[in-house]
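What follows is the residue order along each chain.
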Amino acid sequence: MLKQRIMTAIVALAVLAIVLFVVPPIIARVVIAVVIVAGAWEWGGLLFGDVRGGRVAYVFFVAALMAVIAFNLHDPVWVGNLFTLALAW
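These remarks concern the structure in this document. (Residues numbered from 1 in each chain as written. Predicted model: local features only at pLDDT ≥ 70, side-chain atom pairs only at ≥ 80, totals over all residues. Heavy atoms only, no water.)

## Examining the overall build of the protein
Helices and strands together make up the secondary structure of the protein, namely 4 helices and 0 strands. Along its sequence from the N terminus, the protein presents helices and strands in the succession α-α-α-α. C-alpha atoms of the protein, sized along the principal axes, occupy 45 × 40 × 25 Å. When burial is assessed residue by residue, the protein has 9% of its 89 residues classed as buried. (Helix = DSSP H or I, 4+ residues; strand = E, 2+ residues; numbered from the N terminus. Buried < 20%, exposed > 50% of the residue type's maximum accessible area, 1.4 Å probe, protein only.)

Okay, here's the thing in structure tokens:
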């Protein structure tokens, strides 16, 4: 079992290194966004269990937050507020 986890971690780190250092930035952003949405889907299952629509609503909420962040990263005041919120969280 431990051997399988180590092999999975090695493959995941290799993929992460390729995404971060080899592919163009726009593709890296898309790949990272897909991973975040997949994580939100899994986390939504933990949060809401069998609640109808809860998981989907959570994924849409996370995707909407990512869109807001992506379109407002050029405003230094907004970025400062975002970091303040992240620190408080």
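## Examining the layout of surface pockets
By volume, the largest pocket is sized at about 760 Å³. Lining the largest pocket are 22 residues, and of these Val62, Leu65, Met66, Ile69 and Leu82 lie nearest its centre. Put simply, the parts of the chain that give the lining of the largest pocket at least two residues each are helix 2 (25-48), helix 3 (54-72) and helix 4 (76-88). If one sorts the elements of the lining of the largest pocket by residue count, helix 3 sits on top with 10 residues. Of the residues that constitute the lining of the largest pocket, the class distribution is 20 nonpolar, 1 polar and 1 charged. (1 Å grid on protein atoms, 1.4 Å probe; cavity = no way out; pocket = protein on both sides within 12 Å on 5 of 7 lines; lining within 4 Å. Points joined across faces, edges and corners; volume = space filled by probe spheres on them. Nonpolar A, V, L, I, M, F, W, Y, C, P; charged D, E, K, R; others polar.)

## A closer look at a nonpolar patch on the surface
On the surface, Leu13, Leu16, Ile18, Leu20, Phe21, Val22, Ile32 and Ile36 cluster together to form a nonpolar patch covering roughly 800 Å² of accessible area. For the nonpolar patch, the secondary-structure elements that each account for two or more residues are helix 1 (2-21) and helix 2. If one sorts the elements of the nonpolar patch by residue count, helix 1 sits on top with 5 residues. Assignment of secondary structure puts Leu13 in helix 1. (Patch = residues over 30% accessible without salt bridge, like charges linked within 9 Å, V, L, I, M, F, W, Y side chains within 5 Å. Areas by Shrake-Rupley, 256 points an atom, 1.4 Å probe, with all protein chains shown as cover. Salt bridge = Lys/Arg side-chain N within 4 Å of Asp/Glu carboxyl O.)

## As for the packing of aromatic side chains
Here the distance between the centres and the angle between the planes together describe a pair of aromatic rings. A complete count under the given rule lists 1 aromatic pair for this structure. Ring centres of Phe48 and Tyr58 lie 6.2 Å apart, and the angle between their planes is 55 degrees; this geometry places the pair in the tilted category. With Phe48 in helix 2 and Tyr58 in helix 3, this pair connects stretches of sequence that are 10 residues apart. Of the residues examined, Phe48 reaches a relative accessible area of 32% and is grouped as partly exposed. (Phe/Tyr/Trp six-rings, centres within 6.5 Å; stacked < 30°, edge-to-face > 60°.)

## Some remarks on the packing of helix 3 against helix 4
Orientation of helix 3 relative to helix 4, taken along the N-to-C sense of each, is 140 degrees, at an axis distance of 9 Å. Relative to helix 4, the element helix 3 lies oblique. Packed against helix 3, whose contacting residues are Val68, Ile69 and Asn72, the element helix 4 presents Trp78, Val79 and Leu82 at the interface. Residues that form the contact of helix 3 with helix 4 fall into these classes: 5 nonpolar, 1 polar and no charged. (Axes fitted to C-alpha atoms, helices over the stretch in contact; angles between N-to-C directions. Parallel < 35°, antiparallel > 145°, perpendicular 65-115°, else oblique. Contact = heavy atoms within 4.5 Å.)

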